[in-house]
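Residues per chain are reported as follows:
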Amino acid sequence: EEPSSITQLSYKAFHWPLWDEEGMQLMMDSYDYNYTENFAVHMWSHGVSRSRFSQFSMPWCFECHSTLVSMLKAYVPDPLISVVIHCDAPLSSLQATLWSVANQAF
């Protein structure tokens, strides 16, 4: 009833680059794409694990091999810390863990 409320976005808005070899190259080892049309970028571990970038890790972000990885670097703490939380943990436990990590001083 309200067709004027629907906006059709470009395919690049959420699912670009693709998870094929060319897309992985663009995301992980290139400065040829600037993400200005993206609202989000989906980074699925199974996509990376099937590519030559299977050794991708958060420390690798500090080496900045691409536009995307350079943008991710802003969200990786320095010094790098890693927290492993079981996915079945109660919400209160997750919140306490995340709060303690966020409030650390180095």
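Figured I'd write up the structure that's included with this text. (Residues numbered from 1 in each chain as written. Predicted model: local features only at pLDDT ≥ 70, side-chain atom pairs only at ≥ 80, totals over all residues. Heavy atoms only, no water.)

## Topic: the overall build of the chain
Put simply, the test is: Secondary structure elements follow DSSP: runs of H or I no shorter than four residues count as helices, runs of E no shorter than two count as strands, and numbering proceeds from the N terminus. Type-normalised accessible area, obtained with a 1.4 Å probe on protein chains alone, sets the label of each residue: buried when under 20%, exposed when over 50%, and partly exposed for intermediate values. Should any heavy atoms of two residues lie within 4.5 Å, those residues are counted as being in contact. Areas reported as accessible are Shrake-Rupley estimates using a 1.4 Å probe. Residue values count occlusion only from the protein chains shown.
Counting its secondary structure elements, the chain contains five helices and zero strands. Its helices and strands taken in sequence order, the chain reads α-α-α-α-α from the N to the C terminus. By residue count, 23% of the 106 residues in the chain fall in the buried class. Within the chain, residue pairs in contact and separated by at least 24 positions form 51% of the contacts whose partners lie at least 6 positions apart. About 8000 Å² of surface is accessible on the chain, with carbon and sulfur atoms providing 57% of the total.

## Focus: the pattern of salt bridges
Threshold: In the sections that follow, a salt bridge refers to a side-chain nitrogen of Lys or Arg positioned within 4 Å of a carboxyl oxygen of Asp or Glu.
Inspection of the entire model under this criterion finds three salt bridges. What you see here is one network of salt bridges that share partners, running through Glu-21, Asp-29 and Arg-52.

## Considerations on the packing of aromatic side chains
The relative placement of two aromatic rings is captured by the distance of their centres and the angle of their planes. Keep this limit in mind: Ring geometry is summarised as follows: Phe, Tyr and Trp rings, the Trp one being its six-membered ring, pair when their centres sit within 6.5 Å, and such pairs are stacked at plane angles under 30 degrees, edge-to-face over 60 and tilted between the two.
For the structure on display, the rule yields three aromatic pairs. Ring centres 5.7 Å apart and planes at 25 degrees place the aromatic pair Phe-14 and Phe-39 in the stacked group. Of this pair, Phe-14 sits in the segment before helix 1 (21–28) while Phe-39 sits in the loop between helix 1 and helix 2 (45–49), and the two are 25 residues apart along the sequence. Judged by relative accessible area, which is 36%, Phe-14 ranks as partly exposed. On the accessibility criterion, Phe-39 (61% relative accessible area) is exposed.

## Looking at unusual backbone geometry
Looking along the chain, the bond that leaves Trp-16 and enters Pro-17 is cis, with omega of 0 degrees. Here Pro-17 lies in the segment before helix 1. Positive phi values are uncommon outside glycine, yet Tyr-35 reaches one of about 65 degrees.

## A word on the nonpolar core
Cut-off, in case you're wondering: To define a nonpolar core, start from buried Ala, Val, Leu, Ile, Met, Phe, Trp, Tyr and Cys residues and group those joined through side-chain atoms within 4.5 Å.
The biggest cluster of nonpolar side chains holds 11 residues, and these are Met-24, Leu-26, Met-27, Met-28, Tyr-33, Tyr-35, Val-48, Phe-53, Trp-60, Leu-68 and Val-69. Breaking this core down by element, the ones donating at least two residues are helix 1 and helix 4 (67–73). Of all the elements, helix 1 adds the most residues to this core, at four residues. When neighbours within four sequence positions are excluded, Met-27 is seen to be in contact with Pro-17, Leu-18, Trp-19, Tyr-35, Val-41, Ser-66, Leu-68 and Val-69.

## So, the side chain of Asn-38
The criterion, for reference: Counting of polar contacts relies on pairs of N or O atoms within 3.5 Å, with two restrictions inside protein: one atom must be capable of donating a hydrogen and the other of accepting it, and residues adjacent in sequence are counted only when both atoms are side-chain atoms.
Mapped onto the secondary structure, Asn-38 falls in the loop between helix 1 and helix 2. Polar contacts involving the side chain of Asn-38 include one to the main-chain carbonyl oxygen of Ala-40, which spans 3.5 Å. Residue contacts for Asn-38: discarding those within four places in its chain leaves Lys-12, Ala-13, Trp-16 and Tyr-33.

By themselves these figures say nothing about function.
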